[in-house]
Amino acid sequence: MPPGDASESGPRGHITQVQGTKVHGEQELTFGSPNVSDGPALWDLAKAAGNLDVNSRYSYLLWCRDFADTSVIARDPSGSIAGFLTGYRRPSAPDVFFTWQVAVAPDHRRRGLARRMLDYVVDTLRPKGVRFVESTVTPDNKASQRLFESFAEANGANLTLDVLFSEQELGTGHEPEVLHRIGPLPGRSAHSGPSPD
Ligand SMILES: CC(C)(COP(=O)(O)OP(=O)(O)OC[C@H]1O[C@@H](n2cnc3c(N)ncnc32)[C@H](O)[C@@H]1OP(=O)(O)O)[C@@H](O)C(=O)NCCC(=O)NCCS
């Protein structure tokens, strides 16, 4: 594949300082959209995280170019990536946000970072009509299962499970990928406080 425009000269993703990110002594983290130049670091974290199907470095570069608006990275004060969440709106069902991959660096786990990244992306998409969140999780991934259960509970939304891709389809001893579908979501975020009216 040609290098295309996967250069550092492309437009920077917006960076948003999220309020209230200091939890349990956690360093202040900054949330923002990834840029193409973040692709290699996402690939590195995907490899280090464990439990993820690691895709080619090319795919992370492309993802950061074409799906930055529906993805987020969290950086620590040194600029290192503490976590990322990538996803997209399904072309045939744009009210569905599909979470492709989520990874949190081992030092930052169990502090609510994955939940906050999911909240962050979904909150930007609710005003655009997103009402459902989907992801696939393998049966052995308790942390990921709990992440989506926790998100459904916080939003008072239904969570349904159904095998999307079987072991036969995935091959090479891969566990089935179970579709977790959450929704419909309320129009307002569960953590945005009471309505002004
Ligand atoms: C899955 C992963 C992203 C969770 O990140 P995290 O920041 O530690 O998760 P959070 O702290 O936001 O926790 C979310 C919920 O899951 C629970 N949880 C997190 N890790 C858990 C674990 N190992 N076992 C059980 N529950 C767990 C939390 O208690 C929380 O539930 P709660 O809201 O009821 O308290 C992280 O473990 C990871 O990067 N794993 C490797 C990659 C992976 O498996 N990604 C998912 C598949 S795409």
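Because the structure is predicted, anything quoted here is derived from the model rather than measured. (Residues numbered from 1 in each chain as written. Predicted model: local features only at pLDDT ≥ 70, side-chain atom pairs only at ≥ 80, totals over all residues. Heavy atoms only, no water.)

Which residues make up the overall build of the protein chain, and what are the values?
Helix and strand counts for the protein chain stand at 5 helices and 8 strands. Listed by position from the N terminus, the elements making up the protein chain come as β-β-α-α-β-β-β-α-β-α-β-α-β. At a minimum sequence separation of 6, the contacts of the protein chain that also span at least 24 residues come to 61%. Accessible area of the protein chain: about 10500 Å², with a carbon and sulfur share of 53%. (Helix = DSSP H or I, 4+ residues; strand = E, 2+ residues; numbered from the N terminus. Contact = heavy atoms within 4.5 Å. Areas by Shrake-Rupley, 256 points an atom, 1.4 Å probe, with all protein chains shown as cover.)

Go over the packing of helix H1 (residues 39-49) against helix H2 (residues 57-66), please, and point to the residues and values.
How two helices sit against one another is set out by the angle between their axes and by the gap between those axes. As a packed pair, H1 and H2 sit with axes 8 Å apart at the nearest point and diverge in direction by 125°. In terms of orientation, H1 and H2 fall into the oblique class. For H1 against H2, the interelement crossing comes out right-handed. Contact with H1, carried on its side by Gly39, Pro40, Leu42, Trp43 and Ala46, involves Arg57, Tyr60, Leu61 and Cys64 of H2 and no other residues of that element. Split by residue class, the contact of H1 with H2 holds 7 nonpolar, 1 polar and 1 charged. (Axes fitted to C-alpha atoms, helices over the stretch in contact; angles between N-to-C directions. Parallel < 35°, antiparallel > 145°, perpendicular 65-115°, else oblique. Left-handed = near helix turned anticlockwise from the far one by under 90°. Nonpolar A, V, L, I, M, F, W, Y, C, P; charged D, E, K, R; others polar.)

Outline the site of the ligand, supporting the account with residue identities and numerical values.
Lining the immediate surroundings of the ligand are 20 residues, of which Val102, Arg110, Gly112, Asn141 and Ser150 lie closest. At a separation of 2.7 Å, an oxygen atom of the ligand approaches a polar backbone atom of Gly112. One of the side-chain N or O atoms of Ser150 is found 2.7 Å from an oxygen atom in the ligand. In the complex, 77% of the free accessible area of the ligand, which totals 920 Å², lies under the protein chains. Residue assignment for the shell around the ligand shows that the elements contributing at least two residues are strand E5 (93-104), helix H3 (113-125) and helix H4 (142-154). (Near = heavy atom within 4 Å. Polar contact = N/O pair within 3.5 Å; in protein donor to acceptor, adjacent residues only side chain to side chain.)

Describe the packing of aromatic side chains, and please don't skip the residues or the numbers.
With the rule as written, the count across this model stands at 7 aromatic pairs. For the ring pair Tyr60 and Trp100, a centre distance of 5.7 Å and an interplane angle of 35° mean the geometry is tilted. With Tyr60 in helix H2 and Trp100 in strand E5, this residue pair connects regions lying 40 residues apart in the sequence. The exposure class assigned to Trp100 is partly exposed, which follows from its relative accessible area of 25%. Note on Trp63 and Phe67: the rings are 4.4 Å apart at their centroids and 25° apart in plane angle, and the pair reads as stacked. The aromatic ring of Trp43 is capped on one face by Lys47, whose charged end is 3.5 Å from the ring centroid. The ring of Phe132 carries the charged tip of Arg181 above its face, separated from the ring centre by 4.1 Å. (Phe/Tyr/Trp six-rings, centres within 6.5 Å; stacked < 30°, edge-to-face > 60°. Buried < 20%, exposed > 50% of the residue type's maximum accessible area, 1.4 Å probe, protein only. Lys NZ or Arg CZ within 6 Å of the ring centre and 35° of its normal.)

Help me get a handle on the pairing of E5, residues and values and all.
Burial analysis of E5 places 9 of its 12 residues in the buried class, the great majority of the element. Sheet topology note: the strand E4 (residues 81-90)/E5 ladder contains 8 bridges and is antiparallel. For Phe84, the partnering residue across the bridge sits in E5 and is Ala103. Turn length for the E4-E5 hairpin, with the two strands adjacent in sequence and antiparallel, is 2 residues. Assessed by its sense of winding, the connection that carries the chain from E5 through H3 to strand E6 (residues 132-137) is right-handed. (Pairing = 2+ DSSP bridges. Right-handed = clockwise from strand over helix to strand, strands pointing away.)

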